[in-house]
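Descriptive analysis of the structure
Residue strings, one per chain:
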Amino acid sequence: MESTPTQTANRPIEKKPFETETFDVMDGAARWEIKVHDHGLVALVDVMPRLCPVGKTADYAIVQAARVSYGEGTKMVNEDRGLIRYLARHRHTTPFEMVEFKFHHCMPIFVARQWIRHRTANVNEYSARYSLVRDRFYRPTPDYIRKQSLTNRQGRDEQLDEGTANEFLAYLDRCEAMYEDYEKLTEKGVAREIARIGLPVNVYTEWYWKIDLHNLLHFLSLRMDPHAQQEIRDYSTAMYDLIKPIVPIAAEAFIDYNLESMHLTRLEIEAIKSGQPINTANKREVAEWDAKKAKLGM
Ligand SMILES: Cc1cc2nc3c(=O)[nH]c(=O)nc-3n(C[C@H](O)[C@H](O)[C@H](O)COP(=O)(O)OP(=O)(O)OC[C@H]3O[C@@H](n4cnc5c(N)ncnc54)[C@H](O)[C@@H]3O)c2cc1C
């Protein structure tokens, strides 16, 4: 049987103007950029919604979506704020997915390795098979070169003595010197995709990264947290600083109800109610409860 071509209806498209005057949430700029460390950057390159009614912020897209479920309601800015904060407190998250951000990031591979575990973004990365890796390596500042923490196996603690810190920097020098070999070998014809495998993980990579606000806030809550590695926290904080003027109400609600809030377990609630120590023999749980009590000034 012969296949028939796809039929299109050729219906006229109605193009309706905005009801009120609008402005560009990025002030007409092509990118907003924050430098991180020695060669890193976080750049915001696009936002949805890019155009907003004058007098609002991109938070309006969250409110607009929520009103589909809650009805028209009021349009006052203060009440928009109340609605967004209500949604954030009650984890009604889908309206936050209506705002999207596209970033350009440049970061060391060891940071990208942690970052890429977040699966809800769309990513397109620099290809070190197609192009030469650029001669850029992350060198931590002295303040970042610290001893292994004795209490947190995934953390740094006090500053190192100068001699050991210098030994560490000499070790980085030797790793970075591998770049010369990499360049020579690629010039001799070794394929870029195999020549790159000798480069250290402090070499920089780049990508475009697009994510909606709900998933970005999930990322930020994990990666701005003190348990995250300081380097990825620095990138996360830069992203927060870039989105804050664009969605100020949602950004504030995130700090209030997520980043600087606290989750209490059933055992912790019982300890508060009874005024007794927490009912567990698990040392880590006891330590976590002590940290929460200190934060609460108990
Ligand atoms: C301080 C810290 C230490 C860490 N240490 C380690 C470590 O030692 N080893 C290690 O391997 N990882 C480690 N991780 C990574 C961690 O386990 C998560 O992989 C990472 O934080 C991404 O979290 P996510 O899955 O919630 O995020 P996303 O991938 O952004 O997903 C967001 C949410 O979407 C949902 N989701 C997405 N994809 C799926 C799916 N396929 N199935 C079900 N639900 C899905 C989940 O609800 C998830 O919470 C660490 C992370 C942090 C912050």
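Residues numbered from 1 in each chain as written. Predicted model: local features only at pLDDT ≥ 70, side-chain atom pairs only at ≥ 80, totals over all residues. Heavy atoms only, no water.

Topic: the packing of helix α9 (residues 266–274) against helix α10 (residues 283–296)
- Axis separation between α9 and α10 bottoms out at 11 Å; the angle between their running directions is 55°. Taken together, α9 and α10 sit at an angle that is classed as oblique. Like other packed secondary-structure pairs, α9 and α10 cross with a definite hand, here right-handed. Here α9 contributes Leu267, Glu268, Ala271 and Ile272 to the contact with α10, which in turn contributes Glu285, Trp289 and Lys292. (Axes fitted to C-alpha atoms, helices over the stretch in contact; angles between N-to-C directions. Helix = DSSP H or I, 4+ residues; strand = E, 2+ residues; numbered from the N terminus. Parallel < 35°, antiparallel > 145°, perpendicular 65-115°, else oblique. Left-handed = near helix turned anticlockwise from the far one by under 90°. Contact = heavy atoms within 4.5 Å.)

Considerations on the domain arrangement of the protein
- Its domain assignment divides the protein into domain 1 (22–133 + 204–261), domain 2 (139–201) and domain 3 (267–296).
- Taking only C-alpha atoms, the centre of domain 1 and the centre of domain 3 are 34 Å apart. (Domains from an automatic or database assignment.)

Section: the packing of aromatic side chains
- Going through the model one piece at a time under the given rule, you end up with 12 aromatic pairs.
- Here the aromatic rings of Phe110 and Tyr138 are separated by 5.8 Å at their centres, their planes lie at 45°, and the arrangement is tilted. One end of the pair, Phe110, is in helix α3 (residues 109–115); the other, Tyr138, is in the loop between β6 (122–125) and β7 (146–148), with 28 residues separating them in the sequence.
- Tyr138 sits in the buried class, given a relative accessible area of 4%.
- Each member of the aromatic cluster is reached from another via a ring pair, and the members are Phe101, Phe103, Trp115, Trp207, Trp209, Phe219 and Tyr235. (Phe/Tyr/Trp six-rings, centres within 6.5 Å; stacked < 30°, edge-to-face > 60°. Buried < 20%, exposed > 50% of the residue type's maximum accessible area, 1.4 Å probe, protein only.)

Things to note about the sheet that holds strand β5 (residues 100–108)
- Pairing is antiparallel across the open sheet formed by 5 strands, whose spatial order is β2-β3-β5-β9-β6. The sheet terminates laterally at β2 (32–36) and β6, the two strands that pair on one side only. Neighbour-to-neighbour, the strand axes of the sheet open up by a mean angle of 20°, direction not taken into account.
- Pairing of strand β3 (residues 40–48) with β5 involves 7 bridges; the strand directions are antiparallel. Within the sheet, the bridge partner assigned to Leu44 lies in β5 and is Phe103.
- Those strands touched by helix α6 (residues 213–223) are β5 and β9 (204–212), and its axis lies near 130° from that of β9. (Pairing = 2+ DSSP bridges.)

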